[in-house]
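Below are the chains, spelled out letter by letter.
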Amino acid sequence: MSLTKFGHACVRIEYDGQVLVIDPGSWSEPESVQGATAVLVTHEHADHLSFDNLRATDAPVFTIEAVAAQIAAGAKDVAERVTVVAPGDEFDAGLAVRAVGELHAVIHPELPRFHNSGYVVRAGDTAVYHPGDAFTLPQQDVDLLLAPVHAPWSKVSEVMDFVCAVGAPRTVAIHDGLLNDRGLALVEQHVGRVLGERDLEYARVEPGTELRL
């Protein structure tokens, strides 16, 4: 299988003729959805959900009820190919997928709490976990963790705790669109150190980089 990291939180997983794209939001390149056979969306925030990017593909879209409602209101032409999934659901999106978790991480107690579901995608013998905007554990072993390394709702110590708790052999940084090179290097120093001490691999890659697994 191959995985390509696009801008911010978007990744593209290719295996056995299937092309799954997760969270092609407004900070992600439109070409991320070219040739997609399915699209998964974790939650309704614009950095994860872009109507324009969904319109750039005719692939089926799998997402939670809150996102489906946003699409129905703002992109009725896309709504007809949306399938709603719920936490814990296992479904076929060309590749086997399980929805994980229900709520977005707390941004601030005075702000509303949003719904969010991460996804464990199985491509052959490889399990990949994209948590969306949450530190919800996958409740299973995964081979590759896509770790949100920076957000208004997180701090580096929480990222370190999360990646260690998941304990994936390989971790790749996502959700990094607000960091400059200094911030990215700082996160890499701390997260890479705690994973290195556990003989686990951490990587930060530029958008457009393809990884072979």
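In case you missed it, the structure is sitting above this.
Report on the accompanying structure. (Residues numbered from 1 in each chain as written. Predicted model: local features only at pLDDT ≥ 70, side-chain atom pairs only at ≥ 80, totals over all residues. Heavy atoms only, no water.)

**As for unusual backbone geometry**
Here is step 1 of the chain: With a phi angle near 65°, His8 is a residue other than glycine that sits in the positive phi range.
Here is step 2 of the chain: Locating His8 in the fold gives a position in the loop between strand S1 (2-5) and strand S2 (11-15).
Here is step 3 of the chain: Owing to a relative accessible area of 3%, His8 belongs among the buried residues under this scheme.
Here is step 4 of the chain: Backbone geometry at Asp199 places phi at a positive 60°, although glycine is not the residue there.
Here is step 5 of the chain: With respect to the helices, strands and loops of the structure, Asp199 is situated in the loop between helix H5 (181-196) and strand S13 (201-203).
Here is step 6 of the chain: Of the residues examined, Asp199 reaches a relative accessible area of 72% and is grouped as exposed. (Helix = DSSP H or I, 4+ residues; strand = E, 2+ residues; numbered from the N terminus. Buried < 20%, exposed > 50% of the residue type's maximum accessible area, 1.4 Å probe, protein only.)

**Looking at the sheet that holds S1**
What holds strands together in a sheet is hydrogen bonding between their backbones, with the strands either parallel or antiparallel.
Here is step 1 of the chain: Taken in spatial order, the seven strands make up an open sheet running S6-S5-S4-S3-S2-S1-S14, and their pairing is mixed. In this open sheet, the two strands that pair with only one neighbour each are strand S6 (82-84) and strand S14 (209-212). The mean angle between the axes of side-by-side strands here comes to 20°, regardless of whether they run parallel or antiparallel.
Here is step 2 of the chain: Where strand S4 (residues 38-41) and strand S5 (residues 61-63) come together, three bridges link them in parallel fashion. Bridge pairing links Leu40 to Phe62 in S5. (Pairing = 2+ DSSP bridges. Axes fitted to C-alpha atoms, helices over the stretch in contact; angles between N-to-C directions.)

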